[in-house]
Each structure stands twice: as structure tokens, then as C-alpha cells.
Amino acid sequence: MIEEDLKSAEEQLTEQLYLVPNIPHDSVPVGITPEDNEIFRPGPEPELDESALPHWELAAKYKVFDLELGVKLTGAGFPVYRGKGAKLERALINFFLDEASAAGYEEIIPPLMVNEDSARGTGQLPDKEAQMYHVTLDNLYLIPTAEVPVTNIYRDQILDASELPIKMTAYTPCFRREAGSYGAHVRGLNRVHQFDKIEIVQIVHPDKSYDTLMEMLEHVAGLLNKLGLPFRILRLCGGDMGFTSALTFDFEVWSAAQKRWLEVSSVSNFETFQSNRMKMRFREGRDKDIQLVHTLNGSALALARIVASILENNQTPEGIVIPEVLRKYTGFDLIN
């Protein structure tokens, strides 16, 4: 009887602990709303001609993607890419994966559904359950990001310090319900329920995680520079930061036709928040204690808004100019 009561009490305590967010790093700005975020690295806001079109009108004009067909096949927020639009999407996926591989990340092709243990390990459960698609018959969840299955590869493992850092990348479709999203700011590809994304994940020694975070920021910045897209980097304030993160930087690209910034990447250090949930540890030397690793991840990059930014910023009277680094993948330099 005592053992059963103890087990029940431990389970209740564990469930309560799962509701406690990560502790913000000392450098996190104090604030509640996105207006309190710190502009870590400013970016330009180039002006387009007054006749410039938003990406959803450009997509209709050049048959890049079809939102109405997505409604017919599935529902709102599920775009169908066609022709050169589909090739542009595939070109971006290949470019981002090749860049990650060149930076030393091992490519992973993970499942697109995960169990409760995996979703709980990275912090999607119980915090983001309402935003996830749940396959109730099998009690599985469609992944909101490749971070979930990829980070869980090393769940319940004790690594040797010599194995660190572990660097992994994955391309997956991502699924998010985005409940309550509506209005002008969610038009076109601004906010969709299914989108492609390349994720980079690192599992590192605790002493090196913040150097690693800066390294990951430079990797994402390098991708945007090579694409020739105007961007800025924000250090998120405590109120705008995710449940699981100790420190997060957001990358935003400038949408010239909409005259607003669009988030295309979040790069975060979770310190021991995820590794504690996953019991992901390492041993440094024969006589040293077992410690928790630090985990980090970042979008490198989220494609829907990258496509939107390319369409808007690269529009000309002749058509949409393809960034030079993508042309070996697309086989063409103009969408017209």
C-alpha cells in the first residue's frame, strides 16, 4: 500500500514538473510582448516599386503555388506547389541540406509521427498539445518540427564526452494546427498548417553550448546572405520566448511588398531542459560523474516564408529572379 501511494505521488509530482518552463539565461531581455524583443543584429528594409505585388498575387500570376487547390484537397493552410514553384521548393531543400552537410551535420530522415515519450522529451507535451495534430487511434503526433524525433534519437543514453558535439540535420514536412490564427497577417504562405523545413540539432558539452549557439547563428545568417535576402536577428524577451528555451534568437526576412518582417528561423539553447526530460547524459573520464548534455536546435530554414520573401524581393517586370546559389538545383534562373 505504501509503495503504491509513493508511486502515485511520484507520478503526480512528475506531471507537475512537466508544467514548469525553462529558466531564462541572464542575457534574455525583460519583457512580455514581441515589442520588447532586442534587435540583436539590424537589417535593411529595401523599398520596392509601388506596383510591387505580395507573394500570394505573384503565386497566382506565375502559378507557383495554389492555396485554393489545397483547400479542395485538405483544407485551409495546405498549399500545393506546382511547376517551377515545386522545383524552387525542392531546390531550397537541397541547398539547405547540402550547406548543413558541409558544416558537419549528419543528415537524418526521421519518422513524421512520434509517440508521447518523444513529444514530452523535447517539451511539445504538455505545453503545445493544442497546436499538434494527434492521430488518436494510434496515440501518435504529427511532428511540428524535425527537432522532436531527431533530438530523441539519444534519449535514455549515456554518451562519452569524446562523442560530443553531435550534429544532425533533417528535412521534414512540419505540421502545426495554428489554432486561432486569422487576419491579414496570415495570408498566403505567412502562416500555414503544413510547411517544409530543414532543422539543425546539436548535442554538446555544457561548457560549450553558448559558443555553439553563436556558431549556429552564423550558419543561418550565411544561408540568408547566400540567398541575398534582407534579414535581421532578434534576441527574444522572456515573455515571447518558448516554454523550453533558455535563450532564443529569431531570424526575420523583410517582406518588401507587405512591408513587414517575417520569422523564418528560431535558434535556441535549451541547456539541460530537454536532456533532463530525456535522461540524455554523458560521462567525462572514468572517475567523473555522469552529467546532462546541453541541446540546441535551429531552423535552417523554414521554407514557406523563404519562398514568400524570394517571390516578393526578387520580382521584376520579366518575372521572379532565382537566387544564383539555387540555379544549379532549379535548372532555370527566372520564373515567368
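### Let's talk about the layout of surface pockets
Here is step 1: Within this model, the largest pocket holds a volume of roughly 1500 Å³.
Here is step 2: At the level of secondary structure, the elements contributing two or more residues to the lining of the largest pocket comprise strand E10 (194-204), strand E11 (231-235), strand E12 (247-255), strand E13 (260-271), strand E16 (294-302) and helix H9 (303-313).
Here is step 3: Examining the composition of the lining of the largest pocket, we find that nine residues originate from one element, E13, more than from any other.
Here is step 4: In terms of residue class, the lining of the largest pocket is built from 19 nonpolar, 15 polar and 15 charged.
Here is step 5: There is about 320 Å³ of room inside the second largest pocket.
Here is step 6: Leu17, Val20, Phe273, Asn276 and Arg277 are, among the 16 residues lining the second largest pocket, the residues nearest its centre.
Here is step 7: Listing elements by their share of the lining of the second largest pocket, those giving two or more residues are helix H1 (2-17), E13 and helix H8 (273-278).
Here is step 8: The element that contributes the greatest number of residues to the lining of the second largest pocket is H1, accounting for four residues.
Here is step 9: Looking at the lining of the second largest pocket residue by residue, the classes come out as eight nonpolar, four polar and four charged.

### Observations concerning the sheet that holds strand E5 (residues 113-114)
Here is step 1: As summarised here, the arrangement of the three strands in space is E5-E7-E6, forming an open sheet in which the pairing is antiparallel. Looking at which strands have only one partner, the edges of the open sheet turn out to be E5 and strand E6 (134-135).
Here is step 2: In this sheet, strand E7 (residues 140-142) lies alongside E5 in antiparallel orientation, the contact comprising two bridges. Bridge assignment links Met113 to a residue of E7, and that residue is Leu142.

### Here we look at H1
Here is step 1: Relative to the 22 Å expected for 16 residues at 1.5 Å per residue, H1 spans 22 Å between its end C-alpha atoms, a close match to the ideal helical length.
Here is step 2: With zero of 16 residues buried, H1 lies mostly on the surface of the structure.

### Structural notes on the packing of aromatic side chains
Here is step 1: With the rule as written, the count across this model stands at seven aromatic pairs.
Here is step 2: Over the face of the ring belonging to Phe332 we find Lys84, whose NZ or CZ atom lies 4.8 Å from the ring centre.
Here is step 3: Lys167 extends its terminal NZ or CZ atom over the ring of Tyr105, reaching a point 4.7 Å from the ring centre.

### As for the side chain of Thr169
Here is step 1: Here Thr169 is to be found in strand E9 (residues 166-175).
Here is step 2: Other than its neighbours up to four places away in sequence, Thr169 contacts Leu97, Ala100, Tyr105, Glu106, Glu107, Ile108, Ile198, Glu199 and Ile200.

### Concerning the sheet that holds strand E14 (residues 281-283)
Picture the strands of a sheet paired through backbone hydrogen bonds; they go either parallel or antiparallel.
Here is step 1: One open sheet accounts for three strands, arranged E8-E14-E15; its pairing is mixed. Each end of this open sheet is capped by a strand with a single partner; those strands are strand E8 (158-160) and strand E15 (290-292). Averaged over all adjacent pairs, the angle separating strand axes in this sheet is 40 degrees, with direction ignored.
Here is step 2: Here three bridges tie E8 to E14, and the two strands are oriented parallel to one another. Note that in E14 the partner of Ile158 across the bridge is Arg281.

### Focus: a nonpolar patch on the surface
Here is step 1: A cluster of nonpolar side chains, namely Leu13, Leu17 and Val20, defines an oily patch on the protein surface of about 280 Å² accessible area.
Here is step 2: Tracing the chain through its elements places Leu17 in helix H1.

### Side note on the pairing of E13
Here is step 1: Most of E13 is tucked away: ten of the twelve residues are buried.
Here is step 2: With nine bridges connecting them, E12 and E13 associate as antiparallel partners. Note on E13: the bridge partner recorded for Thr248 is Ser268.
Here is step 3: Count of turn residues in the E12/E13 antiparallel hairpin: four residues, of which Lys259 carries a positive phi of about 55 degrees.

Calculation notes
Residues numbered from 1 in each chain as written. Predicted model: local features only at pLDDT ≥ 70, side-chain atom pairs only at ≥ 80, totals over all residues. Heavy atoms only, no water. 1 Å grid on protein atoms, 1.4 Å probe; cavity = no way out; pocket = protein on both sides within 12 Å on 5 of 7 lines; lining within 4 Å. Points joined across faces, edges and corners; volume = space filled by probe spheres on them. Helix = DSSP H or I, 4+ residues; strand = E, 2+ residues; numbered from the N terminus. Nonpolar A, V, L, I, M, F, W, Y, C, P; charged D, E, K, R; others polar. Pairing = 2+ DSSP bridges. Expected span 1.5 Å × (residues − 1). Buried < 20%, exposed > 50% of the residue type's maximum accessible area, 1.4 Å probe, protein only. Phe/Tyr/Trp six-rings, centres within 6.5 Å; stacked < 30°, edge-to-face > 60°. Lys NZ or Arg CZ within 6 Å of the ring centre and 35° of its normal. Contact = heavy atoms within 4.5 Å. Axes fitted to C-alpha atoms, helices over the stretch in contact; angles between N-to-C directions. Patch = residues over 30% accessible without salt bridge, like charges linked within 9 Å, V, L, I, M, F, W, Y side chains within 5 Å. Areas by Shrake-Rupley, 256 points an atom, 1.4 Å probe, with all protein chains shown as cover. Salt bridge = Lys/Arg side-chain N within 4 Å of Asp/Glu carboxyl O.

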